[in-house]
Amino acid sequence: MYKKIILLIILIVSSNIYSQTFDEKYTIYIDTIKIENENIVFLRVPDKKIKSPAKNYVISLQTCLGRIQNDIKNGKTINSFDSHYFKTNSNSINYKDKNWKLEFYENEFKAYENIIANKNKKNYNQFLKDISKKEELPKEDIRYVNIGELTIYSDTTNEAEDIGHLPTHCAIKVIKDLDNGYSQILACSFKNGYVKTKYLVKDRSLITIESEFKVIEHNFCFVIFPDNDEMYYNGYISEKFRTYYLGPKGGCYYVTRTGSKVYVDRNVCN
(Lines give C-alpha, C1' and ligand atoms only; values in the text may rest on other atoms or scores of the structure.)
Protein backbone atom coordinates (compact mmCIF):
# COMPACT_ATOMS: atom_id res chain seq x y z
CA MET A 1 0.00 0.00 0.00
CA TYR A 2 2.79 2.40 1.00
CA LYS A 3 4.67 1.55 -2.20
CA LYS A 4 1.65 2.57 -4.29
CA ILE A 5 1.31 5.85 -2.41
CA ILE A 6 5.02 6.62 -2.86
CA LEU A 7 4.81 5.76 -6.57
CA LEU A 8 1.79 8.04 -6.96
CA ILE A 9 3.62 10.91 -5.23
CA ILE A 10 6.63 10.41 -7.54
CA LEU A 11 4.38 10.53 -10.60
CA ILE A 12 2.69 13.73 -9.42
CA VAL A 13 6.01 15.40 -8.64
CA SER A 14 7.49 14.29 -11.95
CA SER A 15 4.48 15.65 -13.78
CA ASN A 16 4.83 19.01 -12.05
CA ILE A 17 8.55 19.16 -12.80
CA TYR A 18 7.85 18.30 -16.46
CA SER A 19 5.20 21.01 -16.66
CA GLN A 20 7.33 23.61 -14.93
CA THR A 21 10.54 22.92 -16.83
CA PHE A 22 8.98 22.39 -20.26
CA ASP A 23 9.09 26.10 -21.10
CA GLU A 24 12.81 26.20 -20.42
CA LYS A 25 13.45 23.13 -22.54
CA TYR A 26 11.62 24.13 -25.69
CA THR A 27 12.42 27.86 -25.91
CA ILE A 28 15.95 27.21 -27.19
CA TYR A 29 14.46 25.44 -30.22
CA ILE A 30 12.24 28.35 -31.28
CA ASP A 31 13.28 29.92 -34.56
CA THR A 32 11.89 32.35 -37.14
CA ILE A 33 11.75 32.43 -40.92
CA LYS A 34 10.64 35.21 -43.27
CA ILE A 35 8.17 34.23 -45.99
CA GLU A 36 6.24 36.73 -48.13
CA ASN A 37 7.44 39.52 -45.80
CA GLU A 38 5.96 37.69 -42.82
CA ASN A 39 8.11 36.57 -39.87
CA ILE A 40 7.00 33.05 -39.00
CA VAL A 41 7.83 31.76 -35.51
CA PHE A 42 8.20 27.99 -35.37
CA LEU A 43 9.24 25.31 -32.91
CA ARG A 44 11.32 22.28 -33.92
CA VAL A 45 12.45 20.15 -31.02
CA PRO A 46 15.08 17.55 -32.05
CA ASP A 47 13.73 14.01 -31.92
CA LYS A 48 16.19 12.93 -29.23
CA LYS A 49 15.23 15.86 -27.01
CA ILE A 50 11.51 15.16 -27.01
CA LYS A 51 10.45 13.86 -23.61
CA SER A 52 6.78 13.21 -24.00
CA PRO A 53 4.33 10.29 -24.11
CA ALA A 54 3.24 11.75 -27.44
CA LYS A 55 6.76 11.77 -28.88
CA ASN A 56 5.92 9.93 -32.12
CA TYR A 57 3.06 12.30 -32.85
CA VAL A 58 5.22 15.35 -32.10
CA ILE A 59 7.83 14.10 -34.56
CA SER A 60 5.15 13.49 -37.20
CA LEU A 61 3.63 16.92 -36.63
CA GLN A 62 6.97 18.71 -36.92
CA THR A 63 7.78 16.77 -40.10
CA CYS A 64 4.40 17.72 -41.55
CA LEU A 65 4.96 21.41 -40.75
CA GLY A 66 8.40 21.18 -42.34
CA ARG A 67 6.81 20.00 -45.58
CA ILE A 68 4.20 22.76 -45.44
CA GLN A 69 6.85 25.41 -44.73
CA ASN A 70 8.90 24.25 -47.72
CA ASP A 71 5.82 24.34 -49.98
CA ILE A 72 4.91 27.85 -48.84
CA LYS A 73 8.48 29.06 -49.49
CA ASN A 74 8.21 27.67 -53.02
CA GLY A 75 4.94 29.46 -53.68
CA LYS A 76 2.70 26.44 -53.26
CA THR A 77 -0.39 26.05 -51.13
CA ILE A 78 -1.25 23.66 -48.28
CA ASN A 79 -2.41 20.37 -49.75
CA SER A 80 -5.38 18.57 -48.24
CA PHE A 81 -3.28 15.60 -47.08
CA ASP A 82 -0.93 17.73 -44.95
CA SER A 83 -3.84 19.74 -43.60
CA HIS A 84 -5.58 16.55 -42.46
CA TYR A 85 -2.28 15.10 -41.18
CA PHE A 86 -1.62 18.24 -39.12
CA LYS A 87 -5.06 18.14 -37.45
CA THR A 88 -4.85 14.39 -36.75
CA ASN A 89 -1.43 14.61 -35.06
CA SER A 90 -2.45 17.72 -33.11
CA ASN A 91 -5.46 15.90 -31.68
CA SER A 92 -3.30 12.88 -30.78
CA ILE A 93 -0.72 15.05 -28.99
CA ASN A 94 -3.42 16.90 -27.10
CA TYR A 95 -4.90 13.57 -25.99
CA LYS A 96 -1.61 12.01 -24.86
CA ASP A 97 0.22 15.06 -23.50
CA LYS A 98 -1.71 18.11 -22.28
CA ASN A 99 1.55 19.85 -21.37
CA TRP A 100 3.04 19.89 -24.85
CA LYS A 101 2.89 23.41 -26.27
CA LEU A 102 0.69 22.89 -29.30
CA GLU A 103 0.01 26.61 -29.67
CA PHE A 104 3.39 27.11 -31.36
CA TYR A 105 2.49 24.62 -34.09
CA GLU A 106 -1.05 25.94 -34.38
CA ASN A 107 0.15 29.55 -34.72
CA GLU A 108 2.68 28.50 -37.35
CA PHE A 109 -0.01 26.69 -39.34
CA LYS A 110 -2.34 29.71 -39.11
CA ALA A 111 0.49 31.96 -40.30
CA TYR A 112 0.84 29.83 -43.45
CA GLU A 113 -2.91 29.95 -44.01
CA ASN A 114 -2.79 33.75 -43.70
CA ILE A 115 0.03 33.95 -46.25
CA ILE A 116 -2.04 31.93 -48.73
CA ALA A 117 -5.15 34.00 -48.02
CA ASN A 118 -3.25 37.27 -48.54
CA LYS A 119 -1.70 35.98 -51.74
CA ASN A 120 -5.13 34.94 -53.05
CA LYS A 121 -6.46 38.36 -52.14
CA LYS A 122 -3.62 40.05 -54.04
CA ASN A 123 -4.23 37.82 -57.04
CA TYR A 124 -7.92 38.63 -56.94
CA ASN A 125 -7.23 42.36 -56.74
CA GLN A 126 -4.86 42.03 -59.68
CA PHE A 127 -7.57 40.13 -61.52
CA LEU A 128 -9.96 43.02 -60.92
CA LYS A 129 -7.36 45.45 -62.24
CA ASP A 130 -6.90 43.28 -65.32
CA ILE A 131 -10.65 43.29 -65.90
CA SER A 132 -10.69 47.08 -65.79
CA LYS A 133 -7.90 47.08 -68.36
CA LYS A 134 -9.85 44.68 -70.55
CA GLU A 135 -12.78 47.05 -70.54
CA GLU A 136 -10.55 49.50 -72.39
CA LEU A 137 -9.83 47.04 -75.19
CA PRO A 138 -12.81 48.03 -77.42
CA LYS A 139 -11.04 51.38 -77.95
CA GLU A 140 -8.72 49.34 -80.15
CA ASP A 141 -9.85 47.23 -83.09
CA ILE A 142 -11.14 44.19 -81.23
CA ARG A 143 -13.25 41.74 -83.25
CA TYR A 144 -14.87 38.39 -82.68
CA VAL A 145 -14.64 35.09 -84.53
CA ASN A 146 -17.83 34.14 -86.36
CA ILE A 147 -16.95 30.63 -87.60
CA GLY A 148 -16.50 27.26 -85.88
CA GLU A 149 -12.74 27.44 -86.13
CA LEU A 150 -10.84 30.32 -87.70
CA THR A 151 -7.50 29.35 -89.25
CA ILE A 152 -4.50 31.58 -88.57
CA TYR A 153 -2.07 31.70 -91.50
CA SER A 154 1.60 32.67 -91.54
CA ASP A 155 0.97 34.95 -94.55
CA THR A 156 -1.61 35.47 -97.30
CA THR A 157 0.01 33.49 -100.09
CA ASN A 158 -1.09 30.10 -101.40
CA GLU A 159 1.92 28.55 -99.66
CA ALA A 160 0.97 30.01 -96.27
CA GLU A 161 1.34 27.71 -93.24
CA ASP A 162 -1.52 26.92 -90.90
CA ILE A 163 -0.07 28.19 -87.59
CA GLY A 164 -3.14 27.94 -85.33
CA HIS A 165 -6.87 28.17 -84.91
CA LEU A 166 -9.32 30.38 -83.06
CA PRO A 167 -12.79 29.25 -81.93
CA THR A 168 -16.14 30.97 -82.21
CA HIS A 169 -16.60 34.03 -79.95
CA CYS A 170 -12.86 34.48 -79.54
CA ALA A 171 -11.84 38.14 -79.16
CA ILE A 172 -8.79 39.12 -81.21
CA LYS A 173 -6.89 42.31 -81.89
CA VAL A 174 -6.84 43.32 -85.56
CA ILE A 175 -3.78 45.27 -86.66
CA LYS A 176 -5.07 46.12 -90.13
CA ASP A 177 -7.32 44.90 -92.94
CA LEU A 178 -5.70 44.04 -96.25
CA ASP A 179 -7.16 44.49 -99.72
CA ASN A 180 -6.95 40.76 -100.49
CA GLY A 181 -9.64 39.71 -97.99
CA TYR A 182 -7.30 39.01 -95.08
CA SER A 183 -6.78 40.80 -91.78
CA GLN A 184 -3.50 40.94 -89.93
CA ILE A 185 -3.97 40.06 -86.24
CA LEU A 186 -1.83 39.93 -83.12
CA ALA A 187 -1.37 36.24 -82.50
CA CYS A 188 0.67 34.21 -80.03
CA SER A 189 3.87 35.61 -78.45
CA PHE A 190 3.23 38.93 -80.21
CA LYS A 191 3.77 37.34 -83.62
CA ASN A 192 1.59 38.46 -86.50
CA GLY A 193 -0.88 36.12 -88.12
CA TYR A 194 -3.42 36.47 -90.90
CA VAL A 195 -7.07 35.43 -90.98
CA LYS A 196 -9.91 35.86 -93.45
CA THR A 197 -11.71 39.14 -92.74
CA LYS A 198 -15.17 37.79 -93.62
CA TYR A 199 -15.13 35.57 -90.52
CA LEU A 200 -14.71 38.53 -88.14
CA VAL A 201 -17.45 40.72 -86.65
CA LYS A 202 -17.06 43.90 -84.61
CA ASP A 203 -19.80 43.13 -82.09
CA ARG A 204 -20.36 39.92 -80.18
CA SER A 205 -24.11 40.25 -80.74
CA LEU A 206 -23.47 39.82 -84.49
CA ILE A 207 -22.10 36.30 -84.06
CA THR A 208 -24.35 33.80 -85.84
CA ILE A 209 -22.43 30.57 -85.14
CA GLU A 210 -23.21 28.45 -82.08
CA SER A 211 -20.20 27.40 -80.04
CA GLU A 212 -19.40 24.48 -77.78
CA PHE A 213 -16.66 26.47 -76.08
CA LYS A 214 -16.60 28.60 -72.97
CA VAL A 215 -14.54 31.67 -73.81
CA ILE A 216 -12.73 34.00 -71.43
CA GLU A 217 -11.86 37.33 -73.07
CA HIS A 218 -8.72 39.36 -72.82
CA ASN A 219 -6.21 40.85 -75.22
CA PHE A 220 -5.70 37.43 -76.73
CA CYS A 221 -7.97 34.43 -76.62
CA PHE A 222 -8.18 31.79 -73.95
CA VAL A 223 -10.68 28.96 -74.26
CA ILE A 224 -11.75 26.17 -71.96
CA PHE A 225 -13.49 23.16 -73.48
CA PRO A 226 -16.60 21.73 -71.76
CA ASP A 227 -14.43 18.98 -70.24
CA ASN A 228 -12.13 21.70 -68.82
CA ASP A 229 -9.15 20.80 -71.02
CA GLU A 230 -7.32 24.04 -71.71
CA MET A 231 -6.90 23.88 -75.45
CA TYR A 232 -6.44 27.39 -76.79
CA TYR A 233 -4.11 30.03 -75.47
CA ASN A 234 -3.09 33.31 -77.07
CA GLY A 235 -4.54 32.24 -80.38
CA TYR A 236 -2.86 28.87 -80.68
CA ILE A 237 -4.39 25.42 -80.36
CA SER A 238 -3.01 22.44 -78.51
CA GLU A 239 -3.91 19.80 -81.08
CA LYS A 240 -6.75 17.49 -80.16
CA PHE A 241 -7.97 14.68 -82.38
CA ARG A 242 -10.96 15.75 -84.41
CA THR A 243 -12.47 14.43 -87.64
CA TYR A 244 -13.44 16.96 -90.30
CA TYR A 245 -16.01 16.29 -93.02
CA LEU A 246 -16.38 17.79 -96.47
CA GLY A 247 -20.02 18.52 -97.25
CA PRO A 248 -21.66 18.04 -100.68
CA LYS A 249 -21.47 21.80 -101.32
CA GLY A 250 -17.82 22.03 -100.35
CA GLY A 251 -18.33 23.14 -96.74
CA CYS A 252 -15.90 21.83 -94.12
CA TYR A 253 -17.22 20.92 -90.67
CA TYR A 254 -16.84 18.74 -87.61
CA VAL A 255 -19.53 17.24 -85.36
CA THR A 256 -19.83 18.25 -81.70
CA ARG A 257 -20.67 15.96 -78.80
CA THR A 258 -24.32 16.91 -79.16
CA GLY A 259 -24.35 16.04 -82.85
CA SER A 260 -24.33 19.61 -84.14
CA LYS A 261 -22.27 20.58 -87.16
CA VAL A 262 -19.69 23.33 -86.68
CA TYR A 263 -18.35 24.76 -89.94
CA VAL A 264 -14.73 25.84 -90.24
CA ASP A 265 -12.50 27.34 -92.91
CA ARG A 266 -12.65 25.13 -96.02
CA ASN A 267 -8.88 24.93 -96.13
CA VAL A 268 -8.99 22.74 -93.00
CA CYS A 269 -10.47 19.92 -95.07
CA ASN A 270 -7.75 20.36 -97.66
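Above this text is the structure in question.
Cut-off values and rules
Residues numbered from 1 in each chain as written. Predicted model: local features only at pLDDT ≥ 70, side-chain atom pairs only at ≥ 80, totals over all residues. Heavy atoms only, no water. Helix = DSSP H or I, 4+ residues; strand = E, 2+ residues; numbered from the N terminus. Areas by Shrake-Rupley, 256 points an atom, 1.4 Å probe, with all protein chains shown as cover. Axes fitted to C-alpha atoms, helices over the stretch in contact; angles between N-to-C directions. Parallel < 35°, antiparallel > 145°, perpendicular 65-115°, else oblique. Left-handed = near helix turned anticlockwise from the far one by under 90°. Contact = heavy atoms within 4.5 Å. Buried < 20%, exposed > 50% of the residue type's maximum accessible area, 1.4 Å probe, protein only. Pairing = 2+ DSSP bridges. Salt bridge = Lys/Arg side-chain N within 4 Å of Asp/Glu carboxyl O. Core = buried A, V, L, I, M, F, W, Y, C linked by side-chain atoms within 4.5 Å.

**Concerning the overall build of the protein**
Within the protein one finds 4 helices and 16 strands. Accessible surface for the protein amounts to roughly 17,100 Å². Of this, 52% is attributable to carbon and sulfur atoms.

**Here's the deal with the packing of helix α2 (residues 55-73) against helix α3 (residues 80-96)**
One way to put it is that α2 packs onto α3 with a least axis distance of 9 Å and a crossing angle of 150°. With respect to their mutual orientation, α2 and α3 come out roughly antiparallel. As α2 runs across α3, the sense of the crossing is left-handed. In this structure, α2 contributes Y57, V58, S60, L61, C64, L65, R67, I68 and D71 to the contact, and α3 contributes F81, D82, Y85, F86, N89, S90, S92, I93 and K96.

**Some thoughts on the pairing of strand β4 (residues 149-153)**
Of all the 5 residues making up β4, 5 are buried; the element is thus mostly covered by neighbouring parts of the structure. Of the two faces of β4, the one carrying E149, T151 and Y153 and the one carrying L150 and I152 are both buried. Pairing analysis gives 5 bridges linking β4 to strand β5 (residues 162-167), with the strands arranged antiparallel. The partner of I152 across the bridge, within β5, is G164.

**Comments concerning the pattern of salt bridges**
Summed over all chains, the structure comprises 5 salt bridges. Across the pair K119 and E36 runs a salt bridge whose closest N-O atoms are separated by 3.4 Å. Here the residue K119 occupies a position in helix α4 (residues 102-134), and E36 occupies one in the loop between β1 (30-35) and β2 (38-43), the gap between them amounting to 83 residues. Within the structure, one salt-bridge network assembled from shared partners comprises D141, R143 and D177.

**Notes on the sheet that holds strand β14 (residues 245-246)**
An order of β14-β15-β16 is seen for the 3 strands of this open sheet, with the pairing classed as antiparallel. One side of each edge strand has no neighbouring strand; the edge strands of this open sheet are β14 and β16 (261-264).

**Some words on the nonpolar core**
With 27 residues, the main nonpolar core has L65, I68, I72, Y105 and Y112 as its most contacted residues. At the level of elements, β1, β2, α2, α3 and α4 are the ones that each hand at least two residues to this core. Examining the composition of this core, we find that 8 residues originate from one element, α4, more than from any other. Discounting residues that sit within four places of it in the chain, L65 has contacts with R44, F86, Y105, E108, F109 and Y112. C170, I172, I185 and V195 belong to the second-largest nonpolar core, a separate cluster that totals 12 residues.

**Let's talk about the pairing of strand β8 (residues 192-196)**
Side-chain direction in a regular strand flips from residue to residue, so the side chains alternate between the two faces of the sheet. Counting buried positions along β8 gives 4 out of 5 residues, so the element sits mostly inside the fold. Here strand β7 (residues 182-186) runs beside β8; their pairing, made up of 5 bridges, is antiparallel. Bridge assignment links I185 to a residue of β8, and that residue is G193.

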